[in-house]
Amino acid sequence: MILTNPLFWFALLGLGVVVLVVGKKMGLLNNTAFAVGVSVVIAVAYFHIVDHYLMDMQGLDYWYLFRK
Amino acid sequence: MVELLTEALALGMWPLAILTGFLAYFFIVKRDKSAAFKTLIGILATGMLFMAIANYKINFFGESRLLPVSLAMITALAFMMGIYFSSIGALFKIGGFMFLVAAALSGYGNWLPQVEGGFPPPEVKLQFDAMTKEQLADEGEKIIFGGIGQSKVQGAIGKGQCPLCHGFNEGFLSERAPNLFGIPDRSKQRIDDPRYHKGKPAERDSVQKEAFPGAGTGESGQEYISESHACPSCFVVAGFGVKGTNDKESPMPAIHKPPISLSLGELAAVDTWMYAREGRDAPTYEEIIKAYEKFIPEADRPKQQEDKPAAGAGSLLADGTEPVDQIFAKAQCVVCHTIPGIPGATGTQGPKLVEGTNAPNRIKDPAYKGAAKSTPEYIMESVVSPSTYVVKGFPDNLMPKVFGQKLSAGAMKKIVDYLSQVKEGKEPPKIS
Amino acid sequence: MGSVTRKKTLSVIALSAMIGLLLLPIIVAIPALASGGGEPAAGAPPAEAAQKEGAAKIEKARDVYYKTEGIVSGAPAPKTADNAQFYPRYNFESRVLLWFANQQHLYYGSFVLAVPIFCMVIEFIGVVTKDKAMAKKYDQLAYDFIKISLTAYSLTAILGGILIFTFLTLYPAFFGYLSSIFRPVMHIYALMFVAESGTLYIYYYAWDKMKEGLMKWLHLSMSVVLNVIGTLLMFLANSWIGFMMSPAGVDEQGRYLGNIWHVIHTALWNPLNVHRILGNMAFGGGVVAAYAAYRFLSAKNDEERAHYDWMGYIAMALGVAFLIPLPFAGYWLMREVYAYRQQMGITLMGGLLAWLFIIQATMIGILFLSSNYYLWQALGRMRGAERFQKWIKYFVFILVVGFLIFITPHTIVMTPAELKAMGGQQHPVLGNYGVMSAKNGGINVIITTTVLTFIWYMRGNKVPAVSWSKFGNIFMGVFFFFAYVNIIWLAIYGYYIPANVRVGLSVPQVATTLSCLFFMTALNTVMMKGAKQLGPIEWGKISVRSQYALIMLATAFTWMMGLMGYIRSSVRLFWHVNEIMRDNSPWAYTHTVGFGANMISFNVLFFWISIMFVFWLGTLGAKKAPVEAKVPVPGRAPEPAVGH
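Residues numbered from 1 in each chain as written. Chains lettered and ligands numbered in written order. Predicted model: local features only at pLDDT ≥ 70, side-chain atom pairs only at ≥ 80, totals over all residues. Heavy atoms only, no water.

## Focus on the overall build of chain C
Helix and strand counts for chain C stand at 22 helices and six strands. Residue burial in chain C is summarised as follows: out of 644 residues, 61% are buried. Across chain C, the fraction of contacts at a sequence separation of at least 24, relative to all contacts at a separation of at least 6, is 84%. Accessible area for chain C stands at about 25000 Å²; split by element, carbon and sulfur atoms hold 70% of it. (Helix = DSSP H or I, 4+ residues; strand = E, 2+ residues; numbered from the N terminus. Buried < 20%, exposed > 50% of the residue type's maximum accessible area, 1.4 Å probe, protein only. Contact = heavy atoms within 4.5 Å. Areas by Shrake-Rupley, 256 points an atom, 1.4 Å probe, with all protein chains shown as cover.)

## Quick look at the overall build of chain B
Helix and strand counts for chain B come out as 15 helices and zero strands. Looking at chain B residue by residue over its 432 residues, the buried ones come to 46%. Sequence separation of at least 24 residues holds for 56% of the intrachain contacts in chain B that already meet a minimum separation of 6. Accessible area of chain B: about 21200 Å², with a carbon and sulfur share of 61%.

## Topic: the state of the cysteines
All names here are of chain B. Under the defined criterion, the tally for this structure stands at one disulfide over all chains. The disulfide that involves Cys231 links it to Cys234, with 2.0 Å between the sulfurs. Taking the sign of the S-S torsion, about 90° here, the bridge from Cys231 to Cys234 comes out right-handed. One exposure class covers both Cys231 and Cys234, and it is buried. (Disulfide = S-S within 2.5 Å.)

## Digging into the pattern of salt bridges
Residue and element names in this part refer to chain C. One pass over the structure, following the stated rule, counts 18 salt bridges over all chains. A salt bridge links Lys216 to Asp139; its shortest N-O distance comes to 2.8 Å. Of this pair, Lys216 sits in helix 7 (residues 213-245) while Asp139 sits in helix 4 (residues 132-170), and the two are 77 residues apart along the sequence. As a salt-bridge pair, Arg255 and Asp251 come within 2.8 Å of each other at their nearest N and O atoms. Of the two residues, Arg255 and Asp251, both sit in the buried class. Through salt bridges with shared partners, one network takes in Glu59, Asp251 and Arg255. (Salt bridge = Lys/Arg side-chain N within 4 Å of Asp/Glu carboxyl O.)

## Some thoughts on the side chain of B:Ser206
All names here are of chain B. Tracing the sequence through the fold places Ser206 in the loop between helix 6 (183-190) and helix 7 (221-230). Judged by its relative accessible area of 5%, Ser206 falls in the buried class. A polar side-chain atom of Ser206 sits 2.9 Å from the main-chain carbonyl oxygen of Gln208. Among the polar contacts made by the side chain of Ser206, one reaches the main-chain carbonyl oxygen of Ser233 at a distance of 3.5 Å. Contacts of Ser206, omitting those with residues within four sequence positions, involve Ser233, Cys234 and Lys248. (Polar contact = N/O pair within 3.5 Å; in protein donor to acceptor, adjacent residues only side chain to side chain.)

## Description of the nonpolar core
What tends to happen in soluble globular proteins is that the nonpolar side chains get buried as a cluster. Ranked by size, the top nonpolar core spans 212 residues in total, and within it C:Phe111 and C:Phe145 carry the most contacts. With 15 residues, helix 13 (residues 354-379) of chain C is the single largest residue contributor to this core. With residues near it in sequence (within four places) discarded, C:Phe145 still touches C:Val115, C:Phe118, C:Cys119, C:Ile122, C:Val288, C:Met311 and C:Ala315. Within the second largest apolar cluster, 40 residues are counted, among which are B:Leu136, B:Ile143, B:Phe168 and B:Ile260. (Core = buried A, V, L, I, M, F, W, Y, C linked by side-chain atoms within 4.5 Å.)

## A word on the environment of B:Ile339
All names here are of chain B. With respect to the helices and strands, Ile339 occurs in the loop between helix 11 (333-336) and helix 12 (355-364). In this structure, the C-alpha to C-alpha distance between Ile339 and Val354, residues 15 residues apart in sequence, is 7.1 Å. Excluding residues that lie within four positions of it along the chain, Ile339 makes contacts with Phe328, Cys333, Ala345, Leu353, Tyr418 and Leu419.

## Concerning a nonpolar patch on the surface
Residues A:Leu65, A:Phe66, C:Ile488, C:Ile492, C:Tyr495 and C:Tyr496 make up a contiguous nonpolar surface patch of roughly 630 Å² in combined accessible area. Of all elements in the fold, only helix 3 (64-67) of chain A together with helix 18 (469-493) of chain C reach the threshold of two or more residues within the nonpolar patch. Following the sequence through the fold, C:Tyr496 ends up in the loop between helix 18 and helix 19 (499-502). Classification of C:Tyr496 as exposed rests on a relative accessible area of 57%. (Patch = residues over 30% accessible without salt bridge, like charges linked within 9 Å, V, L, I, M, F, W, Y side chains within 5 Å.)

## Concerning the packing of helix 5 (residues 172-181) of chain C against helix 6 (residues 183-205) of chain C
All names here are of chain C. Across the interface, helix 5 lies against helix 6 with an axial gap of 5 Å and an inter-helix angle of 85°. As summarised for this structure, helix 5 and helix 6 are arranged roughly perpendicular, according to the angle between their axes. Two secondary-structure elements touch here, helix 5 through Ser179, Ser180 and Ile181 and helix 6 through Arg183, Pro184 and Met186. (Axes fitted to C-alpha atoms, helices over the stretch in contact; angles between N-to-C directions. Parallel < 35°, antiparallel > 145°, perpendicular 65-115°, else oblique.)

## Points about helix 20 (residues 506-527) of chain C
The end-to-end C-alpha distance of helix 20 of chain C, which contains 22 residues, comes to 31 Å, matching closely the 32 Å that a straight helix rising 1.5 Å per residue would cover. Summarising burial for helix 20 of chain C: 16 of the 22 residues are buried, a large majority. (Expected span 1.5 Å × (residues − 1).)

## Things to note about the interface of chain C and chain A
Across the boundary between the two partners, chain C contributes 28 residues, which contact 26 residues of chain A. Summing both sides of the interface, chain C and chain A together bury roughly 2300 Å²; the carbon and sulfur share of this comes to 76%. Together, C:Phe471, C:Phe482 and C:Tyr493 form the three largest contributors to the area buried by chain C at its contact with chain A, with a combined 24%. Counting every contact that joins chain C to chain A gives zero salt bridges. The tally of links between chain C and chain A comes to five residue pairs in polar contact (both at pLDDT 80 or more). Counting residues per element, the ones that place at least two in the side of chain C that touches chain A are helix 18, helix 19 and helix 20 of chain C. (Buried area = accessible area lost by both parts, 1.4 Å probe.)

## A few points about the packing of aromatic side chains
With the rule as written, the count across this model stands at 64 aromatic pairs over all chains. Taken together, the ring pairs in this structure connect C:Tyr143, C:Tyr153, C:Phe193, C:Tyr201, C:Tyr203, C:Tyr204, C:Tyr205 and C:Trp207 into an aromatic cluster. Over the ring of B:Tyr196 we find B:Arg204, and its NZ or CZ is 4.5 Å from the ring centre. For C:Lys137, the ring lying beneath its charged end belongs to C:Trp310, and the centroid distance is 3.8 Å. (Phe/Tyr/Trp six-rings, centres within 6.5 Å; stacked < 30°, edge-to-face > 60°. Lys NZ or Arg CZ within 6 Å of the ring centre and 35° of its normal.)

## Here we look at the packing of helix 3 (residues 94-128) of chain C against helix 7 of chain C
All names here are of chain C. For the pair helix 3 and helix 7, the least separation of the axes is 9 Å and the interaxial angle reads 155°. One way to sum up the angle between helix 3 and helix 7 is to call them roughly antiparallel. Helix-helix and strand crossings are classified by hand; for helix 3 and helix 7 the assignment is left-handed. Along its contact with helix 3, which presents Leu113, Pro116, Ile117, Met120, Glu123, Phe124, Val127 and Val128, the element helix 7 presents Lys216, Trp217, His219, Leu220, Ser223, Val224, Leu226, Asn227, Gly230 and Met234. Within the contact of helix 3 with helix 7, the residues separate by chemical class into twelve nonpolar, four polar and two charged. (Left-handed = near helix turned anticlockwise from the far one by under 90°. Nonpolar A, V, L, I, M, F, W, Y, C, P; charged D, E, K, R; others polar.)

Below you can see the structure in the form of structure tokens.
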């Protein structure tokens, strides 16, 4: 499943940052919908990465329940 | 209350007398009503202070849980003084508030259930075989609960650590392990349980079928109890197995092995108590010992400790003279690892040890950070320092890191030799 | 001018010489430590010689912890018996007397070790602050701090003397054994103590003389030296308790094996060190905050009120800054305890002492609630902060829910019968953190909320003026929202996965909290650059209640320290030195929770009464010396960002 792959979340995080930079160029930063969208993408991706890697670091599988 | 007041008066006689003198002086001589009133407040506060102290003095070592009331009383008097003596009011109020916080916290501590740790077991060497049944039962209670009469005390626990998981009284909640009330009768029924497979250990579906190869199953109630102590996984009461093993494996450690390491004499004492407390006639000491000898091989029997109640931390688990299967058993590898060719080694908490196949792959794994270059080195490293490389899907820090000290060089060599020959899909090597 | 320069140079040389002399003991001590305490170095060659002669006098034994072989060079731990020779006594429980003496020494010791660290930090801020008025204010604050600690310092020494005396009188055999083990480093301890005193006095008395330029930096570096000595001193003291809990460097009979480093560097030494440093700092912050609260409440004019309001705020902020990492250091210590002896861990978390940990959990919650309450009150002294007030009730709700989850034990406590089974046996991996993802969720929610409160406090009277402020606000909101979601999700998730996977969940939870702490405060700081001020911070305009919150914080902290110390000490059960030397006194049992709580309260109140007396003495001194002019408090002036 793609959701359990950390690279997917990295890609999402990267996407969020790219959109943020592009949005900044286009002066969209203070557009509420844009800000919320980008923030959600970045925050969700970031916390998934945190969860995945900090469990992985301990030799554990964060996605245990979903792989079962 | 009367006692408290008398004590308070006895303690605070002089300060109170002096203050009363001041009161008289202000009231009669100086006719200063406000000063007299303040002195009166002072007398009241002093009286309360000494009552609080008296409460402490009387009840300090007692069972009373009302000592924090003293602190609350001091809070009240401090605030009272703070109102009337405004020049140092801040000090009084802060002090009073601190007393209030402390009163709340120690009140909380006193409100919680009170458990007192019993005295340590005496350092005398016990002669279990020379004891009467009553003495033996007393020793048993000490081992389970930490002291004679402690079985009635909530939370009491002794060297055997049994009450951590087992309930002992009728109707007690005991969800980790079976409640042991009524075990003298139940043990006789249990051996007839179809899942117990009396006399036919090979038919058991448990992870460990026999206490040791050839031990057989229990034939009497006492033998059932003995087997349960020596080999908890031989038969697991329905619902109490390790989660996910479908009651094929027990979470209980073998009681004659570290960390608990009860000697046969101590186990006999424990069992005698279990009978005696229900008014049953316990089997004789010799009978119980015999029942244990059936399930605990000579080499595994803990010696009665000389003067150290704790498990000998420095002793070796295996010295290398044993056959390799016994080394695996003694070091308890078999509890967590499946090792092809080793009887009873069917644990699943750790990876299956087919190191002849696994080790070369692991060393090639980019995540491998250890120093091993060959299969034997890898095995050695994994035993001595398990965290160096943790196999994916298994938790770190689960395997003890003490084997480097607990196994002799000879034992280690045997383990390495054996494991490096185990290969996936091939016949396991011969036990040497 | 020339003579002034020469004088300066001379004084610098004199000072360096002095510091050099003071540091001498440490330098002398290093080789002794490196060679393992001096004794084996001298002892080894004769040993070989003796062996050559065939004299079988050299006995070798194994270290109980390090498992190394060593030459027996000490007497075994004495086997005591319940009599007046081993346990002389008054008509009172000796253990309680020692408990009292120890705790008081520890309170004062922690305080005088923590305050110089604050001084160092504040003096440094003062030196690097560009705003002259602010710099002076910080400098004065640091000076105030060290002044408080000076009186306490002599009291610490006196209490230390009383402690040794009590120990020696009531437990001569035990004390004799411990001091025989630590003999190789005893003189270092004594010399370090002298060095600490010397440095402290020079540091204090040279404050005015070394105000400018290079001298100020020298003065500042002196505070670093002071803290290094103080910390080493504490490490040495910790090695005693570390040895008592998890002995090493001796054989099974307790005979010293010639390697003093093993004796010092026991299994629990480092976790204890870290835990104690952080604890001392938080405690010191609490005490200074209480001092400031006392001065605030008894202040006679607005100027004083403003100064002490500010002082209380700084002390509280420093204290809380060290309170936040404290639970994590605590986890580490517990993990090491489990690694050292699983049984010890179970006694702590799931056995005899488990109720004390319930109290501790409650207190951690109280500490965070009080600090939040203080910050909310502190919003009151800022114009423009009114817009935050209406949200506070929701914060309270979140905090209370987090708190309630946090104090609920892992297994639901209905009866003590249930509790006694808590922790321990069912999970073979309790050695890691403990299997309490839900509780961890609770505490992490509390800490995250505290971070949020702090950010709101920082924003109190300001509106961000950066061009992307709308995005920044939304991002911050979303980030916090998902942080909460992640923490709570992980807490719930823990119930659905096996215990050995569950233990790991606390790490991403903590990481989430720390992400909020670091990223969001950083983001906030950037957003607040050049922010529009809605109004000044009106120092001194804070409510009286807030000061009681500070006192609550200080008292609760003192209490918690007493509690944790009691837990740490009683986990040895009936051992003086764990598994080496038995306690055979009539007081080898463990008291009830209630008795412990009463005793802790007594110690806490005694400490506070005595230290309030010290504070009061301090105010007397200040009144007699009007020369020490109060620095005008720039309370009304706009505060630079460092003020926060």
